[in-house]
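# Summary of structural features
Each chain, written out:
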Amino acid sequence: MTEDEIADVTIKHVLVDADYNDLGFSVGNRLMVLVESQSTWTFNIIIRALMYLIQTYHDYFKRTNQNLYGSKKVNMPKPELYVIYTGDKKNIPNTISLSKEFFDEAKISIDAEVKVLYQENEKDIIGQYIIFSKVYNEQRKLHGNTKQAVTETIRICKNRNVLKEYLESKEQEVVDIMMTLFDDEQILKAYAKDIEDNAAHREARETAERMIKDGEMPLEKIARYVPTLSMDELKEIEAEIMQLA
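Numbering of residues starts from 1 in every chain and runs along the sequence as written. Local features in this predicted model are restricted to residues whose pLDDT is 70 or higher, and side-chain atom pairs enter the listing and the counts only when it is 80 or higher, whereas totals over whole chains, interfaces and linings include all residues. Computation of side-chain values covers all heavy atoms of the structure but excludes hydrogens and water.

### Remarks on the packing of helix 3 (residues 125-143) against helix 4 (residues 147-159)
What describes two packed helices is the angle between their axes and the distance between those same axes. One can describe the packing of helix 3 onto helix 4 by two numbers: an axis separation of 9 Å at closest approach and a directional angle of 140°. As far as their axial angle goes, helix 4 and helix 3 are oblique. Helix 4 is crossed by helix 3, and the crossing has right-handed handedness. Here Phe132, Val135, Tyr136, Gln139, Arg140 and His143 of helix 3 come into contact with helix 4, specifically with Gln148, Ala149, Val150, Glu152, Thr153, Ile156 and Cys157. Residues of the contact of helix 3 with helix 4, tallied by class, amount to 7 nonpolar, 4 polar and 2 charged. An axis is simply a line fitted to the C-alpha atoms; with a helix, the fit covers only the stretch in contact. Between two such axes, the angle follows the N-to-C directions and lies from 0 to 180 degrees. Elements are defined by DSSP. Helices are runs of H or I of four residues or more, strands are runs of E of two residues or more, and each kind is numbered from the N terminus. When describing relative orientation, an angle under 35 degrees is termed roughly parallel and one over 145 degrees roughly antiparallel, while 65 to 115 degrees is termed roughly perpendicular and anything else oblique. Take the far helix as your reference; a near helix turned counterclockwise from it by less than a right angle gives a left-handed crossing, and one turned clockwise gives a right-handed crossing. By definition in these notes, contact holds between two residues if any of their heavy atoms fall within 4.5 Å. All residues other than Ala, Val, Leu, Ile, Met, Phe, Trp, Tyr, Cys, Pro, Asp, Glu, Lys and Arg, Gly among them, are scored as polar; the first ten of these are nonpolar and the last four charged.

In structure tokens:
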């Protein structure tokens with residue numbers, strides 16, 4: 001294997017300039033590795049990993065100009081799925097699978113097995129990353145989403161000889177990346193809130209429409225049941241219903 005054979009296949013997010021999944025890379029046409037980092041334990045990671053894999057294969061076939069509708073069998077890399085768990089839950093399994101966790105180990109048309117990496121170990125890179133993440137989680141609890149949380153994490157890890165060489169050579173880059181993650185997190189939270197607000201507004205309009213169609217109470221009283229709608233909006237809904245009548 002050479003460095004030239006390794007390709008970054010991490011899926012990018014459509015909303016912000018950030019990664020949609022945590023890490024994906026391929027080694028020539030032999031291996032496809034997708035890695036997720038998770039601080040909250042959930043078996044739903046299996047489904048997400050499967051969705052990332054399908055999207056990654058879709059991009060791979062497009063990038064390599066392979067025809068899925070042709071008679072020739074396509075070449076595809078062997079998949080490996082991993083989750084790096086950095087939370088505090090005990091008794092974590094070494095592997096989790098779609099069949100076992102969602103279908104009582106029944107034989108299903110497609111399965112996905114995800115290997116779980118969770119051991120802290122100062123002697124290997126993944127174990128050190130897990131330590132770094134746990135230190136980072138502790139510092140966020142103390143200092144919030146601030147630069148101090150990041151710099152304290154780096155200081156503590158360097159003192160413990162955790163990712164020390166990398167942190168010493170890339171410290172400012174690590175700070176910049178992690179501060180950007182804070183910004184991305186806020187953007188995604190704002191986007192999720194917009195979706196939630198829009199859904200609540202649609203539900204309020206539907207409730208108001210039903211009450212106006214029933215014709216059993218004036219708009220002033222309906223407004224008390226749907227306080228998120230202004231009187232002007234209620235009059236607009238009433239006018240639309242009258243036009244359709």
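### Thoughts on the sheet that holds strand 5 (residues 95-97)
If DSSP finds at least two bridges between two strands, the strands pair. With respect to topology, 6 strands assemble into an open sheet ordered 1-2-3-4-6-5, the strand pairing being mixed. One side of each edge strand has no neighbouring strand; the edge strands of this open sheet are strand 1 (6-8) and strand 5. The average angle at which neighbouring strand axes cross in this sheet is 25°, direction not considered. Sheet topology places strand 4 (residues 78-85) next to strand 6 (residues 113-117); 4 bridges connect them, and they run parallel. Within the sheet, the bridge partner assigned to Val83 lies in strand 6 and is Val116.

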